[in-house]
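What follows is the residue order along each chain.
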Protein chains: 2
Amino acid sequence: MGRLGVLAGPGLFGGMFELKGYRNPVLVSSADGVGTKLCIANALGIHDTVGADLVNHCINDIFTCGADPLFFLDYFATGKLNPQVCAEVIKSMAEACMQNNTALIGGETAEMPGMYKDSDYDIAGFIVGCVEKNEIIDGQKIKESDVILAMPSNGLHTNGYSLARKIMGNSSKALNTYHTELGSTLGQEFLKIHRCYYRELKPFTKFIHGMAHITGGGLIENTPRILPDNIAAEFDVASWKIPPIFKMIQKKGKVNWHEMYRVFNMGVGMVVFVSKEDSIDILSKLSDAFIIGRAVARKANNNQVILKGIKK
Amino acid sequence: MGRLGVLAGPGLFGGMFELKGYRNPVLVSSADGVGTKLCIANALGIHDTVGADLVNHCINDIFTCGADPLFFLDYFATGKLNPQVCAEVIKSMAEACMQNNTALIGGETAEMPGMYKDSDYDIAGFIVGCVEKNEIIDGQKIKESDVILAMPSNGLHTNGYSLARKIMGNSSKALNTYHTELGSTLGQEFLKIHRCYYRELKPFTKFIHGMAHITGGGLIENTPRILPDNIAAEFDVASWKIPPIFKMIQKKGKVNWHEMYRVFNMGVGMVVFVSKEDSIDILSKLSDAFIIGRAVARKANNNQVILKGIKK
């Protein structure tokens, strides 16, 4: 049996969660990892951020359906257990869980010599949330002329690290180099914690027609998941400033701009479809949200994502 | 976002599960891996069993509380994705889920060059089940003179592989050697699928006072999890035949017998505490269950597990 939870409900075993107060509960779950962002953490010996990355990523994923997070479990696998490293990783998960009212209910620590090199480790996270059946957000309410709001990302979040590392380097030297454009070292930029949007956007769920978490696949692949067949999303690329890290990667790697928007979030962490009327109120209450585009009628079999003004 | 489920509920997204028909639902969850049993699968190139190991292990874990499995998610991480291997692993998960009325609701496939060697892979599983609050089995009903029933394991299940491989070898040659005692090759013995006890024991849950899934830690460490403080479990080691594989490991590795019972299941997959009266009916209906011991009064601060007749 796995490690028992640190926040089990009163009078219950670890691993248990009493579901209360829902009429027609729909459980929403997701499994994820943080990919090769772990290689950066390992190269720098910084282990108190990737756990929060994982939790925040998972919460954003299930929140796109309108679900509130209930509980989280982790899997920590390593070649040879370094208890201090493991404790730092789990502590950062626990803190991110706590910030989002989510119980860290259990997990598994696996020591697998021969599978992982020495103290290398991988982590996976599993989250369960809940939403009332009649409050599920699934994009079906998205209609022509809806406004698309964007919430900025604060960096790569947890996607695109294999390409980013290939281009920018993964050595101590590369990661510890200070870049004026970034205002930090490359390593500090790379380890910025994936931003969680749950608490900021939660007050507006009843106005939201659809939401997409911009992870691997970028705006191009994540937005269509929630669009009705007859709708396309038109993003105005001039409506936001692409953060310096993405420009550096593009320039150094001579990456095709379309590919950049397919691999990276390009500065956009979440897109939210709302009516034009509601957008005004929401924008006035969310200091860093901005209008990134609009829902338009889709021309037969055309792409569902239009990047207006993208560089060739 | 992760891979969406193959069995999402009607009209819902992948990753969603509508919870119906419970009065006071308590969600029971567990995260687990299959440890270095994966190294055997990799060495032999057999990938259609470890997925079922993972599912069955997870179902047994949550069933110890009386929970019915609802849905399962997986994490599959590899250095370089071999789609056929991945498909075989996931298919074996899907089959085990299906056999146990569990929805394989989603998962994540992560390609992490630099973290895993080539097509080496690790898998983790995450299960959510549900039990009515007033039907939770937590061992608190266990009383002196209760009978302990055992369900046989069919091999190592998913624990003790690091020690077993060290002693018996992990080379193709060692794994492909036929052993008369086993009636199979070592590799075939090692890859036997972790037995799931859910369907067999489910009809008897209302008679069960406590249940322990015998995983890493063996009878010695898993049984105390569910015992009230004033109760000890007395196992009669002569009551069952230790399967040949454990004897071979013990002999070849000259492993201390107490250590054997702490690392391996020794032929016992699940122990079930019931009243003496109910045990008769249950035994008559479960063809391979047997009486392995009894609950006794615990002498102050003594061990909670007594292995009567263990070889020194």
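So, here is what we can say about the structure in this document.

What counts and how
Residues numbered from 1 in each chain as written. Chains lettered and ligands numbered in written order. Predicted model: local features only at pLDDT ≥ 70, side-chain atom pairs only at ≥ 80, totals over all residues. Heavy atoms only, no water. Buried < 20%, exposed > 50% of the residue type's maximum accessible area, 1.4 Å probe, protein only. Helix = DSSP H or I, 4+ residues; strand = E, 2+ residues; numbered from the N terminus. Pairing = 2+ DSSP bridges. Axes fitted to C-alpha atoms, helices over the stretch in contact; angles between N-to-C directions. Left-handed = near helix turned anticlockwise from the far one by under 90°. Contact = heavy atoms within 4.5 Å. Nonpolar A, V, L, I, M, F, W, Y, C, P; charged D, E, K, R; others polar. Arc of directions from axis to C-beta. Phe/Tyr/Trp six-rings, centres within 6.5 Å; stacked < 30°, edge-to-face > 60°. Salt bridge = Lys/Arg side-chain N within 4 Å of Asp/Glu carboxyl O. Buried area = accessible area lost by both parts, 1.4 Å probe. Polar contact = N/O pair within 3.5 Å; in protein donor to acceptor, adjacent residues only side chain to side chain. Least-squares fit on C-alpha atoms with pLDDT ≥ 70 in both.

Remarks on the pairing of strand β3 (residues 25-33) of chain A
Here β3 of chain A lies mainly inside the structure; nine of its nine residues are buried. Where burial is concerned, the two faces of β3 of chain A agree: the one with P25, L27, S29, A31 and G33 of chain A and the one with V26, V28, S30 and D32 of chain A are both buried. With nine bridges connecting them, β3 of chain A and strand β6 (residues 121-132) of chain A associate as antiparallel partners. Along β6 of chain A, the bridge assignment pairs L27 of chain A with C130 of chain A. As paired strands, β3 of chain A and strand β2 (residues 16-18) of chain B are joined by three bridges and run antiparallel to one another. Looking at β2 of chain B, one finds that V28 of chain A is bridged to M16 of chain B.

Describing the packing of helix α2 (residues 50-63) of chain A against helix α3 (residues 83-99) of chain A
Residue and element names in this part refer to chain A. Look at α2 against α3: their axes get within 6 Å of each other, and the N-to-C directions meet at 40°. Between α2 and α3 lies a crossing whose hand is right-handed. Only V89, S92, M93, A96 and C97 of α3 make contact with α2, whose side of the interface consists of V50, G51, A52, L54, V55 and N56. The residue makeup of the contact of α2 with α3, split by class, is eight nonpolar, three polar and no charged.

A look at helix α4 (residues 161-168) of chain A
All names here are of chain A. Restricting attention to buried positions, one finds in α4 the residues Y161, A164, R165, I167 and M168. The buried residues of α4 occupy one face: seen down the axis, they fall within an arc of 165°. Along its buried surface, α4 packs onto α1 (37-44), α5 (172-176), α6 (186-190) and α9 (244-253). Looking one or two residues past α4, G169 carries a phi angle of roughly 95°, positive in sign.

Section: the sheet that holds strand β7 (residues 147-152) of chain A
All names here are of chain A. Ordered in space as β10-β12-β7-β13-β11-β14, the six strands form an open sheet in which the pairing is mixed. Only two strands of the sheet have a single neighbouring strand rather than two, namely β10 (210-213) and β14 (305-308). Neighbour-to-neighbour, the strand axes of the sheet open up by a mean angle of 25°, direction not taken into account. With four bridges joining them, β7 and strand β13 (residues 290-297) adopt antiparallel strand pairing.

A closer look at the packing of aromatic side chains
A full pass over the atoms with the stated rule returns 16 aromatic pairs over all chains. On the basis of an interplanar angle of 35° and a centroid distance of 5.4 Å, the ring pair of F17 of chain B and F71 of chain B is categorised as tilted. Of the two residues, F17 of chain B is situated in strand β2 and F71 of chain B in strand β4 (residues 68-78); the sequence distance between them amounts to 54 residues. Seen in terms of ring centroids, F76 of chain B and Y121 of chain B are 5.0 Å apart; in terms of plane orientation they differ by 15°. Their pairing is stacked. Placement of the pair is F76 of chain B in strand β4 and Y121 of chain B in strand β6 (residues 121-132), with a sequence separation of 45 residues. Among the aromatic residues, those joined into a cluster by ring pairs are W240, Y261 and F290 of chain A.

Comments concerning the pattern of salt bridges
Scanning the model with the defined rule gives 29 salt bridges over all chains in all. Across the salt bridge formed by K133 of chain B and E18 of chain A, the nearest N and O atoms sit 3.1 Å from each other. You can see K133 of chain B sitting in the loop between β6 and β7 (147-152) and its partner E18 of chain A sitting in strand β2 (residues 16-18), one on each of two chains. Among the residues examined, K133 of chain B registers a relative accessible area of 38% and is labelled partly exposed. The closest approach of N and O atoms between D68 of chain B and K202 of chain B, which form a salt bridge, is 2.9 Å. Note that D68 of chain B is positioned in strand β4 and K202 of chain B in the loop between α7 (198-201) and β10 (210-213), a separation of 134 residues in sequence. Residue D68 of chain B is classed as buried on the basis of its relative accessible area, which comes to 18%.

Some thoughts on the interface of chain B and chain A
With 56 residues of chain B at the contact, the number on the chain A side is 56 residues. Here chain B meets chain A over a buried area of about 4700 Å², counting both sides, of which 63% is carbon and sulfur. Counting the contacts that link chain B with chain A gives 15 residue pairs in polar contact (both at pLDDT 80 or more). Every element with two or more residues in the side of chain B that touches chain A is listed here: β2, β3 (25-33), α1 (37-44), α2 (50-63), β4, β5 (103-111), β6 and α4 (161-168) of chain B. The leading source of residues in the side of chain B that touches chain A is β3 of chain B, at nine residues. Of the residues belonging to the side of chain B that touches chain A, the class tally is 30 nonpolar, 14 polar and 12 charged.

Let's talk about the relation of the copies chain B and chain A
Of the transformation placing chain B onto chain A, the axial shift is 0.0 Å and the rotation is 180°, giving an RMSD of 0.0 Å. Taken together, the turn and the small shift mark the pair as related by a two-fold rotation axis. A share of 98% of interface residues in chain B that are also interface residues in chain A marks the association as one of identical surfaces.

Let's talk about the side chain of D146 of chain B
Residue and element names in this part refer to chain B. Tracing the sequence through the fold places D146 in the loop between β6 and β7. Only 2.6 Å separates the side chain of D146 from the side chain of H209, close enough to count as a polar contact. Among all residues touching D146, those that are not within four sequence positions of it are K141, H209, F273, V274, S275, G293, R294 and A295.

Notes on the sheet that holds strand β14 (residues 305-308) of chain B
Residue and element names in this part refer to chain B. With mixed pairing, six strands are arranged side by side in an open sheet as β10-β12-β7-β13-β11-β14. A strand with exactly one partner marks an edge of an open sheet, and here the two such strands are β10 and β14. Each adjacent strand pair in this sheet contributes to an overall mean axis angle of 25°, direction not counted. Pairing between strand β11 (residues 231-236) and strand β13 (residues 290-297): five bridges, direction antiparallel.

Keep in mind these numbers describe shape, not what the thing actually does.
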